[in-house]
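# Residue-level structure breakdown
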Amino acid sequence: MQLLTKQILFPLIFFVTFLSFSQSKIRGKIVDSNNTPILFVEVLNTTGEIITKSKINGTFEIDRPGTYTFKYEGYIKKTVELVIDAYYIIQLDVNSAELDEILINTNHIPQKLKKATAAISIISTEDIQRFNSVDFSPILNRTPGVFMQNGALNTNRITIRGIGSRNLFGTSKIRAYFRDIPLTNGSGDTTIEDFELASISRFEIIKGSTSSIYGAGLGGTIHINPQNAFLKQTILNSKLLVGNFGLIKGIVNLNYGTSKSSIRAVYSNTHSEGYRENNKYDRQTFTVNTNHFFKKNELSFLMSYVDLKAFIPSSLNEDTFLNNPKSAAFTWKQSQGFEDSKRGIFGLSLSHDYNQNLKQITSVFSSFRNAYEPRPFNILSENTFALGIRSRILGNTTLFNKTLNWTIGGELFKDTYKYKTFANLYEDFPSGTGSVAGVNLSNFKEIREYYNLFFETNYEISEKSTFTLGLNLNQTSYNLDDRFEVSIENPDQSGSYQFESILSPKIGFSHEFSNNLSAFSSISHGFSPIALNETLLPNGQINTNLKPEIGWNFEIGTRGSALKNRLQFNLSLFRLDIKNLLVSRRTSEDEFIGINAGSTQHNGLELAINYKWLQKEKIAISTFLNYTKNNFIFKAFLDEENDFSGNDLTGVPSNVFNAGIDFDSALGLYGNFNFQHIGSMPITDSNSMYTSSYKLSNLKIGYRMDVNKKAQLNLFFGLKNVFDEDYASQIFINASGFGGNAPRYFYPGNPRNYYAGINMNYIF
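Structural notes, computed from the coordinates. Keep in mind that what you see is a predicted model, and the values were worked out from it rather than measured.

### Some details on empty space enclosed by the protein
- According to the stated counting rule, one finds 11 cavities of 30 Å³ or more in the structure shown.
- Approximately 770 Å³ is the volume found for the largest cavity.
- In terms of lining, the largest cavity is formed by 46 residues, of which the most central are Asp135, Asn150, Lys720, Tyr727 and Asn750.
- Of all the elements in the fold, those that place two or more residues in the lining of the largest cavity are α3 (137-140), β11 (146-152), β23 (297-311), β41 (669-678), β42 (694-706) and β46 (753-763).
- Here the element with the most residues in the lining of the largest cavity is β11; it accounts for six residues.
- Grouping the amino acids of the lining of the largest cavity by side-chain chemistry returns 21 nonpolar, 20 polar and five charged.
- Looking at the second largest cavity, its volume works out to about 110 Å³.
- In this structure, the second largest cavity is lined by 15 residues; those nearest its centre are Gly162, Gly164, Arg166, Glu549 and Leu581.
- Residue classes in the lining of the second largest cavity are distributed as six nonpolar, six polar and three charged.

### Quick notes on the side chain of Arg179
- Note on placement: Arg179 falls in the loop between β14 (175-178) and β15 (181-182).
- Buried and without a salt bridge, Arg179 has Glu298 as its closest oppositely charged side chain, separated by 5.9 Å.
- Beyond its immediate stretch of four places on either side in the chain, Arg179 contacts His223, Ile224, Pro226, Asn228, Asn289, Asn291, Ser300 and Leu302.

### Observations concerning the sheet that holds strand β5 (residues 66-71)
- Here four strands make up an open sheet; going across it, the order is β3-β2-β5-β6 and the pairing antiparallel. In this open sheet, the two edge strands, each paired with only one partner strand, are β3 (50-53) and β6 (78-82). Shown here is a sheet whose adjacent strand axes are inclined to one another by a mean of 30 degrees, direction ignored.
- Note: strand β2 (residues 42-44) against β5, three bridges, orientation antiparallel.

Rules and cut-offs
Residues numbered from 1 in each chain as written. Predicted model: local features only at pLDDT ≥ 70, side-chain atom pairs only at ≥ 80, totals over all residues. Heavy atoms only, no water. 1 Å grid on protein atoms, 1.4 Å probe; cavity = no way out; pocket = protein on both sides within 12 Å on 5 of 7 lines; lining within 4 Å. Points joined across faces, edges and corners; volume = space filled by probe spheres on them. Helix = DSSP H or I, 4+ residues; strand = E, 2+ residues; numbered from the N terminus. Nonpolar A, V, L, I, M, F, W, Y, C, P; charged D, E, K, R; others polar. Buried < 20%, exposed > 50% of the residue type's maximum accessible area, 1.4 Å probe, protein only. Lys, Arg positive; Asp, Glu negative; His and termini not counted. Salt bridge = Lys/Arg side-chain N within 4 Å of Asp/Glu carboxyl O. Contact = heavy atoms within 4.5 Å. Pairing = 2+ DSSP bridges. Axes fitted to C-alpha atoms, helices over the stretch in contact; angles between N-to-C directions.

Here it is as structure tokens:
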């Protein structure tokens, strides 16, 4: 608590001290739409002469009033009239045609994407808006190396380079942040699909082991940037969307900004009856993001609240999947199983500039989740509360006449997870009653804590070459309090478990051969913590012999452009070696134990190409092509008497191919067509079963028109799964049959379906 108090009060003192600082010149700061300071922005006068450039913290200083233009590669230039004795915040918008030039924050030290020493993909606002603003999977699946399966809007699994594919429920072994707020809980589970897509401006996805930056990141990290409010603008945006399966969604997006403060509030309400039985979905979200700029400080607040109730159709056996995919699993339909949850995250962040070469960013965050989930085998009641702080100092200095950018900091995190299970008595009541809670079966309280201490530096060996060194120290511990009455059938499972401290290094190198071609290479270490329930043995004891999965990622890649920047490409080749492979062995319908069973080897290729066929004032046509080749195997895998060594890794497609075309016109007509091929994937560790490969196509067309000078109307229509492909949108690997029933491996994908909507944008 003392450490937490110091971390909060220290920067707040500076906030108060500098709040009333007066100006005698024209001063200001240049930031992007995510409020990242942009250095070396050219400030030009009306004759085109460069007057000055922004410093490392984005600040600039001008002696004379007048009209100035702010220009930087990768951003749309802006012209502003400046007056004396004023402080300005100049906000530049990203030019989506030059993503390699934009600044990224995934490595803490803002840098151009083309200089990054890791494989990083950007999903821009334009990419998000290509689809229906309801589900994440078509957006994330356009990214090479990333694969999201979705059995329903609330049933998803995300993998990066095959990591997380063996997790049975949800997403694990990758990390996610909503700005600086962790979306990954103390056991390593991550949920991003509850958030409203309309509140997100872009995703920055770093692939491969990221532990040197974010701690327990074995497969990678998804960094979500919320839609920040724009300065000096008041905008109201509303959207109504309807579609098949009873889909109706409303969004209200309000932006209010003065010259130094801004607020954005986004409300959404989504309802769907669902394609399948027991598939009803209702969700409301409310997101608020505020920013306040001062001479040397920036104060921001972020809040997101989600209220969700979603029924669960669950997976199907092969016969039902092929012949009656609309049905729900029998027991889930009879019990009317569902998830009812309320979730909120809150974060307060203060950024202070000590001088043009030194700044500190400190974030304090909290989150909660309350959930009630009736399942056929029991009813689960959950309550989670988390609290943490993340602080880092960013500096810039000169070493041997070369620029050295560095950051050092730490993250403290603690969450308390309370959960109970109850007998589900639905079979004792008339059909249609649904779930009925019976006697209490278990009562647990988990306390999960970790800290990360990290250091990273970028050293510019030359104007063209950059060397990166990163280091992270992580300590994770669990404490379990079994509150249930102890008996022979229910042994006391209370206990503590602490991992050994893990040191994760990273080294990387990038070089620009020209303005249009760069290459990078990196070696990084990663690990994934063990969930506490995986450490529990049937006799109630904690298995202290379990080891966390650890891995090394080796990578080379290139980024570039050609044909006068009409062609842009990214290529990565990687190898990821994982040892201490953790396997969940099922002991009953709702019980698993973890064992270390071997190692895996992940070899892969990731390619992304974008080409502008036509870029005129009246019409623009562009295409994209993304390809992922996966060769992931069990290098050594012994599970009891079974030897699966050499088999393909379960739950990962052999290849993924995406292609599409986008067009936009001055007449207001726009549209896109996307095609995706998903290769076959093994369902069982023995490789005795594989899914069939499948192809999906999505189409969207729209028309924008100006109602008047302040209002714009956008009408759109879309088709998903245009050619009505039958496919499994998610699989349950290594499923077991209970009570003589066939294993339920498959979640059916939706057939062809449409959506249509209207979007009104009004500028006050």
